[in-house]
Amino acid sequence: MIRAVPAVAAMTGYALADLGDSKAISLAQNESAFPPSPKALAAGQKALADSALYPDPDWHELRAILAETYPVNAETILCGAGSMELIGCLIRAFAGPGDAVAGTQYGYLFAATATQQSGAAYVKAPEPDLSVCIDAVLKSVTEATRIVFVCNPGNPTGTRIPNDELLRLRASLPENVLLVIDQAYGEFDDQNHAPVFDLVHAGDTVVTRSLSKAYGLAGARVGWGAFPAAIGAEVRKLLNPNNVSAASQAMACAALRDQGYMRDVVAQTAARRDGLRDRLRAAGFDVPPSATNFLLIRFASEAKAKAADAELRAGGLMLRGMGGYGLPDCLRASVGSEEAMNRLGDILEKTA
């Protein structure tokens, strides 16, 4: 019998949300509550006419627009089919058997999956109060550590730490440890991110981003990151050639040019998020502050979380259970339409 390599045979697949009834409203995958910019939709439709041709493998236009929009140099940018592709290739390129990747207790689980694929060990630093603790991360670093992976803002907690703490983390890490900062929800975080992007120039830090959230392009699968030249050259070897379709590149370019639309989406999303948080906290739920497009809702027990999930699904709403993250007493709710947010509040108030 042909067998998979040991690292793959020993792992479980990355678990996506249980979407259950397709007729229900999904608030389980942190998708945007709003469609992409109309300009992005028009650009994607136009690009479909050239679908007989391969897309630009070097993302020239997309990288140029990203460099105009964010404090990065175009030559540092790699693009992927979502930031997941970049994260997976990065970990597989720089960690292997006998190595360790340091993450956080409630950090993005795909980093652990990619670490398993590489055969390295994934080590979780505690997150007291559902927030990344830089001192705990530093304590988890050993001679075997090759990569430190931190999400800010965090998923699934939604919490954030000051960017100064990320600078302190980098300054305290050994030079031979690569720091990866995942900012998939960075557009919802009003901090000045320029100092974080500046870390890339030192050669030992990568910053990843996504157009799935604030730009509403989850279905187009476009992610990007700023990579030091030597790091990016190794990661590029593992990326699929022509990985971002021509239509997706066109949509991404148009979405990035429409910053006013994106900022309006972020503002409306934050207003719905904070309104729901205020309502749930008033009803007695523990809901940490969020700098993302979702809320983490903590219940009195795992049993109450499961009961609430059942009530919500009966009411046509699907949230994400957090047992896989070690938070079985929590549900995660993506921000959706106003009608969905009101229905969610109504149902949960009855279960409080």
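All chains use their own residue numbering, which begins from 1 and follows the written sequence. In view of the model being predicted, local features appear only for residues whose pLDDT reaches at least 70, and side-chain atom pairs are presented and counted only at 80 or more, with totals across whole chains, interfaces and linings using the full set of residues. Side-chain descriptors were evaluated using all non-hydrogen atoms of the structure, hydrogens and water having been removed beforehand.

Chemist: Help me understand the state of the cysteines in this model?
Modeler: Cysteine pairs can be covalently joined through their sulfur atoms, and such a bond is termed a disulfide. Disulfides are defined in this document as cysteine sulfur pairs within 2.5 Å. Taken as a whole and judged by the stated rule, the model has 0 disulfides. For Cys151, which is in no disulfide, the shortest distance to another cysteine sulfur is to Cys133 and amounts to 16 Å. Burial here depends on accessible area, computed with a 1.4 Å probe over protein chains only, as a share of the maximum for the residue type. Under 20% is buried, over 50% is exposed, and the range in between is partly exposed. In this structure Cys151 comes out as buried when scored by relative accessible area, which is 6%.

Chemist: What's the story with the nonpolar core in this structure? I'm lost.
Modeler: In a soluble, globular protein the nonpolar side chains are often hidden away together inside. Among the buried residues, those of types Ala, Val, Leu, Ile, Met, Phe, Trp, Tyr and Cys that are joined through side-chain atoms within 4.5 Å form a nonpolar core. One finds Leu62, Leu90, Val148, Trp224 and Val235 to be the most contacted residues of the largest nonpolar core, which totals 84 residues. Should any heavy atoms of two residues lie within 4.5 Å, those residues are counted as being in contact. Setting aside anything within four residues of it in sequence, one finds Val235 in contact with Leu78, Cys89, Leu90, Phe94 and Phe227. Ranked by size, the runner-up nonpolar core spans 21 residues in total, among them Leu317, Leu319, Val335 and Leu348.

Chemist: In this structure, what is going on with the side chain of Arg170? I would like to understand it.
Modeler: Counting from the N terminus, the helices are the DSSP runs of H or I reaching at least four residues and the strands are the DSSP runs of E reaching at least two. Mapped onto the fold, Arg170 is located in helix H7 (residues 163-172). Whenever a nitrogen or oxygen atom comes within 3.5 Å of another N or O atom, the pair is scored as a polar contact, on the condition that within protein one atom can donate a hydrogen and the other can accept it, and that pairs from neighbouring residues in sequence are kept only if both atoms are in side chains. Polar side-chain contacts of Arg170 include one of 2.9 Å to the backbone oxygen of Pro174. Among all residues touching Arg170, those that are not within four sequence positions of it are Glu175, Val177, Leu178, Leu179, Leu199, Asp204 and Thr205.

Chemist: Sorry, what's going on with the environment of Ala250 here?
Modeler: The residue Ala250 is located in helix H10 (residues 246-257) in this model. The sequence separation of Ala250 and Leu48 amounts to 202 residues, and the corresponding C-alpha distance is 9.5 Å. Apart from the residues within four sequence positions on either side, Ala250 is in contact with Ala43 and Ala47.

Chemist: How do you make sense of the sheet that holds strand E9 (residues 294-298) when you look at a structure like this?
Modeler: Following DSSP output, two strands are said to pair if at least two bridges run between them. Strand order in the open sheet made by the 3 strands is E9-E12-E11, with antiparallel pairing throughout. This sheet does not close on itself; its edge strands, each paired only once, are E9 and strand E11 (320-321). Inspection of the sheet shows E11 paired to strand E12 (residues 330-334) by 2 bridges, in the antiparallel sense. From the neighbouring strand, Arg320 faces E12, where its bridge partner is Arg332.

Chemist: Sorry if this is basic, but what is going on with helix H2 (residues 38-47) here?
Modeler: Since one α-helical turn is 3.6 residues long, residues separated by three or four positions face the same way. Within H2, burial applies to Ala40, Gly44 and Ala47. What you see down the axis of H2 is that its buried residues fit within an arc of 65 degrees, all on one side. Facing away from the buried side of H2 by over 90 degrees, the exposed positions are Pro38, Lys39, Gln45 and Lys46. Contacts made by the buried residues of H2 are with H10. Where H2 starts, the residue carrying a side-chain oxygen 3.1 Å from the main-chain nitrogen of Lys39 turns out to be Ser37. The arc in question is the one traced by the directions running from the helix axis out to the C-beta atoms.

Chemist: What is the right way to read the packing of aromatic side chains from this model?
Modeler: Aromatic ring pairs are described here by two measures, namely the spacing of the ring centres and the angle between the planes. Between the rings of Phe, Tyr and Trp (Trp by its six-membered ring), a pair exists once the centres lie within 6.5 Å; its type follows the angle of the planes, with under 30 degrees stacked, over 60 edge-to-face, and the other angles tilted. Inspection of the entire model under this criterion finds 5 aromatic pairs. When the centroid spacing of 5.1 Å and the interplanar angle of 45 degrees are considered together, the rings of Tyr70 and Trp224 count as tilted. One end of the pair, Tyr70, is in the loop between helix H3 (60-69) and strand E2 (77-80); the other, Trp224, is in strand E8 (residues 223-226), with 154 residues separating them in the sequence. Side by side, Tyr70 and Trp224 carry an identical accessibility label, which is buried. When the centroid spacing of 5.3 Å and the interplanar angle of 80 degrees are considered together, the rings of Tyr185 and Phe294 count as edge-to-face. Of the two residues, Tyr185 is situated in the loop between strand E6 (178-182) and helix H8 (194-198) and Phe294 in strand E9; the sequence distance between them amounts to 109 residues.

Chemist: Whenever I open this one, the sheet that holds strand E3 (residues 100-104) confuses me. Can you help?
Modeler: What holds strands together in a sheet is hydrogen bonding between their backbones, with the strands either parallel or antiparallel. If you walk across this open sheet you meet the 7 strands as E2-E8-E7-E6-E5-E3-E4, and the pairing is mixed. Looking at the sheet topology across the chains shown, the edges are occupied by E2 and strand E4 (121-125). Strand-to-strand twist across the sheet, computed as the mean angle between neighbouring axes with direction ignored, equals 20 degrees. Here 5 bridges tie strand E5 (residues 145-151) to E6, and the two strands are oriented parallel to one another. Of the residues in E6, the one forming a bridge with Ile147 is Leu178. Lines are fitted to the C-alpha atoms to define the axes, a helix being fitted only along its stretch in contact, and any angle between axes, read from their N-to-C directions, falls within 0 to 180 degrees. Here helix H4 (residues 83-94) sits on the sheet and contacts E2, E3, E5, E6, strand E7 (205-210) and E8; the angle it forms with E5, its principal contact strand, is near 160 degrees.

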